[in-house]
Amino acid sequence: SLQGSWRSRGSSAVERALQYTAGQKLHGFTVKEVTAVPDLFLTAVKLSHDATGAQYLHAARDDSNNLFSVQFRTTPMDSTGVPHILEHTVLCGSQRFPCRDPFFKMLNRSLSTFMNAFTASDYTMYPFSTQNAKDFQNLLSVYLDAVFFPCLRELDFWQEGWRLEHETPTDPSSRLVFKGVVFNEMKGVFSDNERLYAQHLQNKLLPDHTYSVVSGGEPLAIPDLTWEQLKHFHATHYHPSNARFFTYGDLPLEQHLQQIEEEALSKFERTEPNTAVPPQTHWDKPRVDHVTCRPDALAPDPIKQNTLCMSYLLGDITDTFEAFILSLLSSLMISGPNSPFYKALIEPEIGSDFSSSVGFDGSTRQASFTIGLQVLTGFLLTGFEEEQIEALLHKIEIQMKHQSTSFGLALASYIASCWNHDGDPVQLLKISENVSRFRQCLKENPRYLQDKIQHYFKDNAHRLTLTMSPDERFLEKQAEAEEQKLQQKIQNLSDADHKDIYEKGLQLLAAQSTTQDASCLPALKVSDIEPIIPYTPVQPGTAGGVPVQYCEQPTNGMVYFRAMCNLNSLPEDLKIYVPLFCSVITKLGCGELDYRQQAQRIELKTGGMSVSPQIIPDTADLDLYEQGIILSSSCLERNLPDMFQLWSDIFNSPRFDDEQRLRVLVMMSAQELSNGISYSGHMYAMTRAARTLTPTADLQEAFSGMDQVRVKFMKRIAEMTDLTSVLRKLPRIKRHLLNPENMRCAVNATPQKMSEAAGEVERFIGNIAANRKERKPVRPTVVEVRPLDPQAGSSASRKLISEPHFKPCQMKTYFQLPFNVNFVSECVRAVPFTHTDYASLCILARMMTAKFLHGEIREKGGAYGGGARMGGGGLFSFYSYRDPNSTQTLSAFRGGVEWARAGKFTQQDIDEAKLSVFSAVDAPVAPSDKGLGRFLNGITDEMKQRYRERLFAVTDKNLIDVAGRYLGVGQQTCGVAILGPENESIRKDPSWVVK
């Protein structure tokens, strides 16, 4: 394949890009500069387009998750929401691809790892990423055509922007109202108090130019926008002369340039876009302002709902070093349990802190800083502790080196604002230069930071104090203003206009209900997918009798440590406390350190330390599983000894004496869990529905389900007046869990540092040897020992629990909760990962979701989402998310099974489902996580390859067969669960258990 040929040439993308030279001509572009950026392991190539002046930045890096982004400087001078409405309408079809919503339709035709579009206050950006070269070309064609050659039909403008329409479009006697996607979206945004406050703050602090308007659209100004204005804004702003292109990854730059030149840029002449943002005139005295908002029904005390913030205008963000110092200063003032601000904000005097507006904002041409309360004077006198500054610089270094799988997207967002105002994006990437320059400044002037505070805060007259308070009539007033606007529009209508509105409403309705032909869009074929997975080598070893897996990876100088400890010897009565134990064990203090000092140490020496419960189903037997906890942490290579010292102290001398601290942690945790239900209701429903089907699922429900930990258990503990009895259980749990006897470890690091890391692991195991104890498992008859990887002949074994007498049973549970929507789930016991039918069930779940359930549950049923998935624990699960229906959705699940059994799908449906499954199977894995599947579940590369081959081989016959055999009525045991509001018919039905 094309990818194979040039990727295996041996030279890296970083080195290849260094061969370009300034002045070199490439496909209509001229290279401006080539810069090595060793901090981020990339080469930056800056170019400009000869004919149009379009700017281009390429970041060559050995990362297969390639990204493209194009951004336009969009600086509206009114609040009609024109850039936002334009972002919506360019995605309603273009010259080469005249079909609606190409992004959504490309999801099943591509292996993309990201696709989206954003409107900021002064730019609009269109990024995508993918690992497949052919896919990159396909998506690039769709994106270029959408932004440069959109259809922008009047009908699309009405649908996405605003229109007058009858409340019931088919009934000309029903009243006229405003409708439109962006119109409704912005009404929603303006009813969110935090967003409202942030919007007012920006508009009033920068009143001279584009920042004084609402780029997303102010609901009452949106109806002033005309279709002609929209088209004009596109012609002037979405032009190559006003564009910045960014590409990232290991694909060759020339191919991108050639395609962009041929498909788009060659068709344009240079223009002089008048889109620059001038600096805001500096005020000579501070200003004060007040706004109102809707009362918050959930807040107990209306006095507490008053918000007061002070906002300061700072320097120009194109001065990259100054902007770096300001964001650093801002973090020092605000972040973490040791910052002077934390205490002032966590127990605020004036009500809830407005987290979204507080802090540094570098997204506008001149940055700003906002704080909730006046606490600047303190910093001026004392400055900051050296440790705090070091901890922050350390965090910056780790953020630079830790490679996430969406590094390209992070870079694109990071440079967007500065580049948008013609700052130098390459300068922004040289992070360590800024850090060492800052250290130099501190050395020369110990009061360097205090002087900055004096200059930007104490002596700065451009300060806005903005208060916001609830107004009982706020929503009424809004509705009245909208009604007034509506009447004003209606008064100007002639009879012909009325007739026109009715006809266009019907026209739009008809257009929405016709099936879209997506065949004009490019699509990958199943044959474009790599047939063989790349092999991940790991070395087995031992340290002090504990098995260790070493995996050499390009981690940019980070070391990643994991340890799995089983809990087979833990007494049953303590099991329920395991999740609580995990969430507090790294936060209570250890050894000589109290919890504050421990938090500071963890910040200073590691990228974080965490412990979480882990239940791992066997890959071949549904009644076999491993139960335990996993420890994970990371650090820079130089801090290896310190990271292991912290773990040693947690093993040897954790602190279980601070009842007050435990109470704070329990309250925070209980609050987080109860907030989480409305976001992850479908996960809770699935966990509950599965509970009676396999032993793994039963334990999952105990550790992370509704009944158990989340609602009853954690709530009960949070309400206890005295937590001493809970504190006393923690050392007992610790003795069973933090025991080297039940442990195995994994380390990911660079080849150069692996032997040093191995030495540190050895020393760590030696340090904690006193905790080692042979303890009898609680269920003695049923432990099975298996080598982790039979081929490797390593000593690593897993102690699995077998429950041969587990009897799956049917159960239907209803949780009544204070929501106005339902989360519905049904689960069926199917087959484990290595079973021959597993691949067919995965394809079936994807296909049923895309081709049947999405339409039934979301489009017809009105739920936010819904579908089916096949899980590694051997369960086939159906779910819906924020669903107005309950039992009707259960019928839709059944309907999906009947649809599949009747074979009502095409070969293309199967191929799209395969692309979609492979997109997930081949999702990029960060160097920190390579080899983890083998370490935890014992899934080797050979097993993955066998599964891959089965996926390729799935046929229509297989799909019809597994739908009948596993999902047909009465075939297998199933469980059902619903979380939702009061439900009369379920309450009366004896087959349901109501909680």
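As recorded in an unreviewed UniProt entry, the protein chain goes by Presequence protease, mitochondrial and comes from Cyprinus carpio carpio. In its Subunit (unreviewed entry) section, UniProt records this for the protein chain: "Monomer and homodimer; homodimerization is induced by binding of the substrate." The UniProt entry for the protein chain carries the following text under Subcellular location (unreviewed entry): "Mitochondrion matrix".

A few points about the overall build of the protein chain
Along the protein chain, the regular secondary structure elements total 37 helices and 30 strands. Its C-alpha atoms give the protein chain a radius of gyration of 30 Å, within 12% of the compact-globule value 30 Å for 995 residues. Taken along its principal axes, the extent of the C-alpha atoms in the protein chain is 85 × 75 × 65 Å. Relative to its full complement of 995 residues, the protein chain shows a buried share of 55%. When the accessible surface of the protein chain is summed, it comes to about 41,700 Å², and 51% of that surface belongs to carbon and sulfur atoms. Distance between charge centres in the protein chain, computed from 103 positive and 116 negative side chains, equals 5 Å.

Here we look at the environment of Pro127
Along the chain, Pro127 falls in strand β8 (residues 123-130). Under the relative-accessibility criterion, Pro127 is labelled buried at 0%. Along the backbone, Pro127 and Ser413 are 286 residues apart, and their C-alpha atoms lie at a distance of 9.6 Å. Excluding residues within four positions of it along the chain, Pro127 makes contact with Leu67, Phe68, Ser69, Phe114, Met115, Asn116, Ala117, Phe118, Tyr143 and Leu409.

Remarks on the sheet that holds strand β16 (residues 463-470)
Strand pairing in a sheet relies on backbone hydrogen bonds. The paired strands run either parallel or antiparallel. With respect to topology, five strands assemble into an open sheet ordered β12-β16-β13-β15-β14, the strand pairing being mixed. Each edge of the open sheet is held by one strand with a lone partner, namely β12 (287-293) and β14 (359-361). The average angle at which neighbouring strand axes cross in this sheet is 25 degrees, direction not considered. One ladder, built from seven bridges, connects β12 with β16; its direction is parallel.

Considering the pattern of salt bridges
Side chains that differ in charge, positive against negative, can pair when their charged atoms come close. What the rule picks out here adds up to 53 salt bridges. Taking the shortest distance from any N to any O, the salt bridge between Lys485 and Asp224 comes out at 2.9 Å. On the criterion of sequence distance, the pair formed by Lys485 in helix α19 (residues 474-491) and Asp224 in the loop between α8 (193-205) and α9 (227-237) is long-range, its members being 261 residues apart. Asp224 sits in the partly exposed class, given a relative accessible area of 38%. Note that Arg901 is salt-bridged to Glu898, the shortest N-O span being 4.0 Å. Residue Arg901 and its partner Glu898 are both found in helix α32 (residues 887-901); the two are separated by three residues, about one turn of the helix. Take Arg901: its relative accessible area is 38%, and that puts it in the partly exposed class. Linked by salt bridges that have partners in common, Arg109, Lys851, Asp909 and Glu912 make up one network.

With respect to the sheet that holds strand β25 (residues 811-816)
Strand order in the open sheet formed by six strands is β27-β28-β26-β29-β25-β30, and the pairing between neighbours is mixed. Lying at the two open borders of the sheet, with one neighbouring strand each, are β27 (865-870) and β30 (993-994). Pairing between β25 and strand β29 (residues 974-980): six bridges, direction parallel. Looking at the pairing, Lys812 lines up with Val976 of β29.

Points about the packing of helix α31 (residues 838-860) against α32
Between α31 and α32, the shortest axis-to-axis distance is 10 Å and the interhelical angle comes to 130 degrees. As the angle between them shows, α31 and α32 are arranged oblique. In the crossing of α31 with α32, the sense of the turn from one axis to the other is right-handed. Contacts from Leu844, Met847, Met848, Lys851, Phe852, Leu853, Glu856 and Ile857 in α31 reach Thr889, Ala892, Phe893, Gly895, Gly896, Val897, Trp899 and Ala900 in α32. By residue class, the composition of the contact of α31 with α32 is 11 nonpolar, three polar and two charged.

Observations regarding the packing of aromatic side chains
For the structure on display, the rule yields 36 aromatic pairs. Sitting over the ring of Phe321, Arg437 keeps its end group 3.8 Å from the ring centre. In this structure, Arg869 packs its charged tip against the face of Tyr879, placed 5.0 Å from the ring centre.

Details of the nonpolar core
Of all hydrophobic cores here, the largest spans 139 residues; its most connected members are Phe68, Phe148, Phe245, Phe246 and Phe438. If one sorts the elements of this core by residue count, helix α5 (residues 133-148) sits on top with 10 residues. Not counting residues within four places of it along the chain, the set of residues in contact with Phe438 comprises Phe321, Phe324, Ile325, Leu328, Ile389, Leu393, Tyr448 and Leu449. Within the second largest apolar cluster, 75 residues are counted, among which are Val578, Leu588, Met609 and Phe656.

Observations concerning unusual backbone geometry
For Phe41, which is not a glycine, the phi torsion comes out positive at approximately 55 degrees. Relative to the helices and strands, Phe41 is located in the loop between β2 (29-37) and β3 (42-49). A relative accessible area of 37% means that Phe41 is categorised as partly exposed. Of note in the backbone geometry, Arg882 takes a positive phi value of approximately 45 degrees without being a glycine. Within the secondary structure, Arg882 sits in strand β28 (residues 875-883). In this structure Arg882 comes out as partly exposed when scored by relative accessible area, which is 31%.

Structural notes on the side chain of His84
Position of His84 among the secondary structure elements: in helix α3 (residues 82-89). The class for His84 is buried, based on a relative accessible area of 7%. A polar contact is formed between the side chain of His84 and the backbone oxygen of Gly216, at a distance of 2.9 Å. In contact with His84, not counting residues within four places along its chain, are Thr119, Val182, Glu185, Met186, Ser215 and Gly216.

With respect to the confidence of the model for the protein chain
In the predicted model, the protein chain carries a mean pLDDT of 88, and 92% of its residues have values of at least 70. Contacts for the low-pLDDT stretch residues 1-10, under 50 throughout, to residues beyond four places or in other chains number 16 contacts. The low-confidence segment residues 342-355, where pLDDT is below 50, has 20 contacts with residues more than four positions distant or belonging to other chains.

Considerations on the environment of Thr955
Mapped onto the secondary structure, Thr955 falls in the loop between α35 (941-953) and α36 (956-967). Taking the C-alpha atoms as reference, Thr955 lies 71 Å from Ala461; in sequence the two are 494 residues apart.

Focus on the pairing of strand β15 (residues 366-371)
Of all the six residues making up β15, six are buried; the element is thus mostly covered by neighbouring parts of the structure. Residues Gln366, Ser368 and Thr370 point to one face of β15 and Ala367, Phe369 and Ile371 to the other, with burial holding for every one of them. Strand direction decides the pairing type here: strand β13 (residues 307-316) and β15, joined by five bridges, are antiparallel. Counted as the bridge partner of Ser311 is Thr370 from β15. Pairing geometry for β14 and β15, over three bridges, is antiparallel. Residue pairing in the sheet places Phe360 in a bridge with Phe369 of β15. From the end of β14 to the start of β15, which pair antiparallel, there are four residues.

Details of the packing of helix α24 (residues 640-652) against helix α30 (residues 754-767)
For the pair α24 and α30, the least separation of the axes is 10 Å and the interaxial angle reads 20 degrees. Relative to α30, the element α24 lies roughly parallel. For the element pair α24 and α30, the recorded crossing hand is right-handed. Residues Leu640, Pro641, Phe644, Trp647, Ser648, Phe651 and Asn652 of α24 form the contact with α30, whose own contacting residues are Glu756, Ala757, Glu760, Val761, Phe764 and Asn767. Looking at the contact of α24 with α30 residue by residue, the classes come out as eight nonpolar, three polar and two charged.

Conventions adopted
- Each chain has its residues counted from 1, running along the sequence as written.
- Residues qualify for local features only when their pLDDT is at least 70, as the model is predicted, and side-chain atom pairs are given and counted only at 80 or more; totals for whole chains, interfaces and linings, by contrast, use all residues.
- Based on all heavy atoms of the structure, the side-chain values leave hydrogens and waters out of the count.
- UniProt positions are given in the numbering used here, feature names are shortened, and annotations may be inferred rather than shown by experiment.
- Working definition: helices are DSSP H or I runs of at least four residues, strands are E runs of at least two. Numbering for both runs from the N terminus.
- As defined in this context, the radius of gyration uses C-alpha atoms, and a globule is described by 2.2 Å times the residue total to the power 0.38.
- Exposure categories follow from relative accessible area, calculated using a 1.4 Å probe and restricted to protein chains: below 20% of the type maximum is buried, above 50% is exposed, and the middle band is partly exposed.
- The method behind every accessible area is Shrake-Rupley, applied with a 1.4 Å probe, and residues are considered shielded solely by the protein chains displayed.
- Just so you know, the count uses Lys and Arg for positive and Asp and Glu for negative, and it drops His and the chain ends.
- Charged side chains are reduced to one point each, which is NZ for Lys, CZ for Arg, CG for Asp and CD for Glu.
- Note on contacts: a residue pair qualifies if any of its non-hydrogen atoms lie within 4.5 Å across the two residues.
- At least two bridges found by DSSP between two strands are what make those strands a pair.
- Angular values range over 0 to 180 degrees, each being the angle between N-to-C directions of two axes fitted as lines to C-alpha atoms, with helices fitted over their stretch in contact.
- By definition, a salt bridge exists where a carboxyl oxygen of Asp or Glu is found within 4 Å of a side-chain nitrogen of Lys or Arg.
- When an angle is under 35 degrees it counts as roughly parallel; over 145 it counts as roughly antiparallel; between 65 and 115 it counts as roughly perpendicular; any other value is oblique.
- Each crossing is labelled by how the near helix is turned from the far one, with a counterclockwise turn of less than a right angle marking it left-handed and a clockwise turn marking it right-handed.
- When residues are sorted by character, Ala, Val, Leu, Ile, Met, Phe, Trp, Tyr, Cys and Pro go into the nonpolar class, Asp, Glu, Lys and Arg into the charged class, and all the rest, Gly among them, into the polar class.
- Working definition: rings of Phe, Tyr and Trp (its six-membered ring) pair if their centres are within 6.5 Å, and the pair is stacked with planes under 30 degrees apart, edge-to-face with planes over 60 apart, and tilted otherwise.
- By the criterion adopted, a ring carries a charge over it if an Arg CZ or a Lys NZ lies within 6 Å of its centre and within 35 degrees of its normal.
- For our purposes a nonpolar core is just a set of buried Ala, Val, Leu, Ile, Met, Phe, Trp, Tyr and Cys residues, chained together by side-chain atoms within 4.5 Å.
- Polar contact is the term for a pair of N or O atoms within 3.5 Å; when the atoms are in protein, one must be able to donate a hydrogen and the other to accept it, and sequence-neighboring residues count only if both atoms are side-chain atoms.
- Scored from 0 to 100, pLDDT records how confident the predictor is in each individual residue.

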